[in-house]
Amino acid sequence: MPIYAVTGASGRLGRFAVLELLSRGVRASDVVAVVRTPGKAADLAERGVQVREGDYSRPSSLAVALADVDRLLLVSGSEPGRRVIHHTNVIEAARSTGTSRVVYTSMLNADDTTNPLAEEHQETERALRDAGIPFTLLRNGWYTENYTGQLGEYLRHGEILGAAGSGRISAATRRDYACAAVTALLQDEPGNRSYELGGPAFDLSELARVISEVTSTAVVYRDLPVEEYESSLRQAGLDRGSAEFVAALDVSIAHGDLATDSQDLARLLDRPATPLAEVVRTAAQRTTTH
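Residues numbered from 1 in each chain as written. Predicted model: local features only at pLDDT ≥ 70, side-chain atom pairs only at ≥ 80, totals over all residues. Heavy atoms only, no water.

Using the criterion set out here, one finds two aromatic pairs in the structure. Ring geometry for Tyr 147 against Phe 202: centres 6.4 Å apart, planes inclined by 75°, an arrangement best described as edge-to-face. Of this pair, Tyr 147 sits in helix α6 (residues 145-148) while Phe 202 sits in the loop between β8 (193-197) and α9 (204-215), and the two are 55 residues apart along the sequence. Among the residues examined, Phe 202 registers a relative accessible area of 4% and is labelled buried. (Phe/Tyr/Trp six-rings, centres within 6.5 Å; stacked < 30°, edge-to-face > 60°. Helix = DSSP H or I, 4+ residues; strand = E, 2+ residues; numbered from the N terminus. Buried < 20%, exposed > 50% of the residue type's maximum accessible area, 1.4 Å probe, protein only.)

Counted at 1.5 Å a residue, the expected span for α9 with its twelve residues is 16 Å, and the 16 Å between its end C-alpha atoms agrees. Among all positions in α9, only Leu 204, Leu 207, Ala 208, Val 210, Ile 211 and Thr 215 are buried. Buried positions in α9, seen along its axis, are confined to an arc of 165° and lie on one side of it. The N-cap of α9, judged by a side-chain oxygen 3.1 Å from the amide nitrogen of Ser 205 a few residues on, is Asp 203. Trailing α9 by a residue or two, Ser 216 shows a phi angle of about 60°, which is positive. (Expected span 1.5 Å × (residues − 1). Arc of directions from axis to C-beta. Polar contact = N/O pair within 3.5 Å; in protein donor to acceptor, adjacent residues only side chain to side chain.)

Formed by 35 residues in total, the largest nonpolar core has its most connected members in Leu 73 and Leu 138. Those elements that place two or more of their residues in this core are β1 (4-7), α1 (12-23), β2 (31-35), α8 (174-186), β8 and α12 (264-269). If near-sequence neighbours (up to four positions away) are discounted, Leu 138 is found in contact with Leu 73, Val 103, Tyr 104, Thr 105, Ser 106, Met 107, Ala 181, Ala 184, Tyr 195, Leu 197 and Leu 268. Judged by nonpolar contacts, the second largest core, of 27 residues, contains Ala 118, Ala 171, Leu 207 and Ala 208. (Core = buried A, V, L, I, M, F, W, Y, C linked by side-chain atoms within 4.5 Å. Contact = heavy atoms within 4.5 Å.)

Secondary-structure assignment places Ala 201 in the loop between β8 and α9. Between the C-alpha atom of Ala 201 and that of Ala 259, which follows or precedes it by 58 residues, the distance is 6.4 Å. Setting aside its immediate chain neighbours within four residues, Ala 201 contacts Arg 168, Ile 169, Ser 170 and Glu 206.

Structure below.
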């Protein structure tokens, strides 16, 4: 049986992927959870998963962590500015240990986007091509939780602030992306593959409407000029660089960079992506119980 590894397995997306592998009948002993701090994956170890220490910044640890691994889900790192070197370390470790396929969580529309996060994903895709390992690119759109995670704030203020205009966002939940990633990881088809992944698109005005309907609390979207949005972010406590970065993400959305008509996600899931109203409802229940 193949050995499957998931990096970042103590994070939310990686953990969902490990649990999804188990739910599909992969033996726990054939699953490797690669984590920087093994103690954070103790519950996975208790289920029989191989928990191995692997730090993106320590190549020697990655070579040990990926020993005997056949297929690898490389969950992109969380440190902007260091992703390329971190991802390259993992790719080189996979190449040296004979991993037969790397599945990488990239960014939606990576070939043609103004999103400030895109360059590191583009460089990682290039590193995969240069390494010569068969690969699958999962070009994920935004997490719906990027917004529902701020639901309490939206409800308190009665508004969503942004500079995204009427730009549409093909978002999906982390769990949906993790389930799709596991399907790709389990596939036996040869060659390199690329998927553009996102759920049914919405703009921020539609998000506000859904929140209002689900919670019975009026919320509106207030679109601001970029400079005014940056100023509001700074007033909320962000430093100048962070405020400019967040505003640039909204400008990218306004350009259409996070929208897709692709049905790749639904095909990999073999079902529709989780509806936006359902995600908002779950977040609202969580908000009211905390």
